[in-house]
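Each chain is listed here by its residues.
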Amino acid sequence: MVQKRKTDGRTPRRALWLRTLIAITACGAAVGGVAAYRSYSDDSTTAERPVTTEEASRLALSRLNLYQASPVAVTLTATEGGGVVVRVKGVVDYRAHRAVGSYQVTGSTGTSGSPATSGPPAAGQLDHGLIVWDTGGLGLAPAPAGDGKQPWQQAEHIPRSGWSSRSYTADPLDAGLQLLIGLGADRPDNPMLLAQSGARWLAHDRIDGRGYDRFSGPRAQGATPGAGSEDGRSPLTYWVDADGGLRRVTMRMAGLGTPTTVEFTGREGRAKLPEAPWGTG
């Protein structure tokens, strides 16, 4: 569950994979990858190919554009396994390297019992509350009852003692939050390096009526196409518009059929992220 304090009980291989992924994302050659995501494509019959010079330039600008647009509204959806889904809606400030929002955990409730109630368990809300996160970890707190304000307004009035904070784990939610906080950058990536490292154009999709190119970025160091269970590809996929605007990112995690998804829905200029409680760890 989201509210539990996690211990480092993950396998060394998975923890190493996560640290490597975050390190790749945070550096200048970070943009890229591949994940399965169902979306309508304008040209689904066109095979993937290496990016053009123009496409590499747009891909390289996407993280800078995200940084300059912040604070931005985001929605993160992570599948934890066993039918449990965590959805975070919040605001990220890439200049301050911190974020705030609300979270909701949904999943199967009850069990199939008598013939009158036979069938799959019903889906319901398992937990909800406020969440803050930065580069070092995350904090959780109950949402104030009857308070209809935005999460960033609610969080401002919760004392530091009201938050339960911890460092990141390798769970899908934590991996998604850690990836998300590192996506914005105060300078563009190197387009030539992106192209040389295996960035590929995958398809042209439409999201909310707007066209986006779906890109696979640089492969992990030493990986080759067609090698290994993941076909030598990065676990990340990016949707970028004609101006280099980043709309969606998905991250594929080993052992999970559904990728973690991040949606960017535009600048949230009203948001003023609280200074506290950033004592994570």
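Residues numbered from 1 in each chain as written. Predicted model: local features only at pLDDT ≥ 70, side-chain atom pairs only at ≥ 80, totals over all residues. Heavy atoms only, no water.

Describing the overall build of the chain
Next up, step 1: Counting its regular elements, the chain contains five helices and 12 strands.
Next up, step 2: Taking all 281 residues of the chain together, 48% fall into the buried category.
Next up, step 3: Accessible area for the chain stands at about 13600 Å²; split by element, carbon and sulfur atoms hold 51% of it. (Helix = DSSP H or I, 4+ residues; strand = E, 2+ residues; numbered from the N terminus. Buried < 20%, exposed > 50% of the residue type's maximum accessible area, 1.4 Å probe, protein only. Areas by Shrake-Rupley, 256 points an atom, 1.4 Å probe, with all protein chains shown as cover.)

Quick word on the pattern of salt bridges
Next up, step 1: Throughout the structure, instances matching the rule amount to 14 salt bridges.
Next up, step 2: Among the salt bridges present, the one from Arg166 reaches Asp174, with a minimum N-O distance of 2.5 Å.
Next up, step 3: We classify Arg166 as buried; its relative accessible area is 6%.
Next up, step 4: Here the salt bridges do not stand alone but share partners, grouping Asp208, Arg247, Arg248 and Glu263 into one network. (Salt bridge = Lys/Arg side-chain N within 4 Å of Asp/Glu carboxyl O.)

Brief notes about the confidence of the model for the chain
Next up, step 1: On average, residues of the chain carry a pLDDT of 78, and 70% of them reach 70 or more.
Next up, step 2: The model gives residues 4-45 a pLDDT under 50, and that stretch makes 104 contacts with residues more than four places away or in other chains.
Next up, step 3: Low pLDDT, under 50, characterises residues 223-229; the stretch is placed with eight contacts to residues that sit more than four places away or in other chains. (pLDDT = per-residue confidence, 0-100. Contact = heavy atoms within 4.5 Å.)

Side note on the nonpolar core
In summary, soluble globular proteins display a tendency toward joint burial of nonpolar side chains.
Next up, step 1: One finds Val92, Tyr94, Trp133, Leu180, Leu183 and Phe264 to be the most contacted residues of the largest nonpolar core, which totals 43 residues.
Next up, step 2: A total of six residues in this core trace back to one element, the largest contributor, which is helix H4 (residues 172-181).
Next up, step 3: The contacts of Phe264, once residues within four sequence positions are left out, are Leu66, Val72, Ala73, Val74, Tyr94, Leu180, Leu183, Leu246, Arg247, Arg248 and Val249.
Next up, step 4: Counting 11 residues, the second-largest nonpolar core is a separate cluster that includes Val132, Trp152, Ala271 and Leu273. (Core = buried A, V, L, I, M, F, W, Y, C linked by side-chain atoms within 4.5 Å.)

Things to note about unusual backbone geometry
Next up, step 1: Note the cis peptide between Ser70 and Pro71, where omega equals 5°.
Next up, step 2: Along the chain, the position of Pro71 falls in the loop between helix H2 (53-69) and strand E2 (72-81).
Next up, step 3: Residues other than glycine seldom take positive phi values, yet His97 does so here, at roughly 60°.
Next up, step 4: Positive phi values are uncommon outside glycine, yet Asp208 reaches one of about 55°.
Next up, step 5: Residue placement: Asp208 occurs in the loop between strand E8 (200-207) and strand E9 (210-216).

As for the side chain of Asp93
Next up, step 1: Locating Asp93 in the fold gives a position in strand E3 (residues 84-93).
Next up, step 2: For the buried Asp93, no salt bridge is present, and the opposite-charge side chain at shortest range is Arg95, 5.3 Å distant.
Next up, step 3: Within the local environment of Asp93, its side chain forms a polar contact with the backbone nitrogen of Arg95, the two atoms lying 3.0 Å apart.
Next up, step 4: Among all residues touching Asp93, those that are not within four sequence positions of it are Ser70, Pro71, Arg98 and Leu273. (Lys, Arg positive; Asp, Glu negative; His and termini not counted. Polar contact = N/O pair within 3.5 Å; in protein donor to acceptor, adjacent residues only side chain to side chain.)

A look at the environment of Gly255
Next up, step 1: Among the structural elements, Gly255 can be located in the loop between strand E11 (246-251) and strand E12 (260-267).
Next up, step 2: A relative accessible area of 84% places Gly255 in the exposed class.
Next up, step 3: Measuring from C-alpha to C-alpha, the distance between Gly255 and Gly81 comes to 9.3 Å, with 174 residues separating the pair along the chain.

Thoughts on the environment of Ala96
Next up, step 1: By secondary structure assignment, the location of Ala96 is in the loop between E3 and strand E4 (98-109).
Next up, step 2: Residue class for Ala96 comes out partly exposed when judged on its relative accessible area of 31%.
Next up, step 3: For Ala96 and Ser70, which are 26 residues apart along the polypeptide, the C-alpha to C-alpha distance reads 9.5 Å.

Focus: the pairing of E9
Next up, step 1: Taken across its seven residues, E9 has five buried, putting it largely inside the fold.
Next up, step 2: Here seven bridges tie E8 to E9, and the two strands are oriented antiparallel to one another. Within E9, the residue paired with Ala203 across the bridge is Arg214.
Next up, step 3: In this antiparallel pair of consecutive strands, E8 and E9, the connection spans two residues, and Asp208 shows a positive phi of 55°. (Pairing = 2+ DSSP bridges.)

A look at the pairing of E12
Next up, step 1: Note that E2 and E12 share five bridges and pair antiparallel. Note on E12: the bridge partner recorded for Val74 is Phe264.
Next up, step 2: Alignment of E11 against E12, held across four bridges, turns out to be antiparallel. Along E12, the bridge assignment pairs Val249 with Val262.

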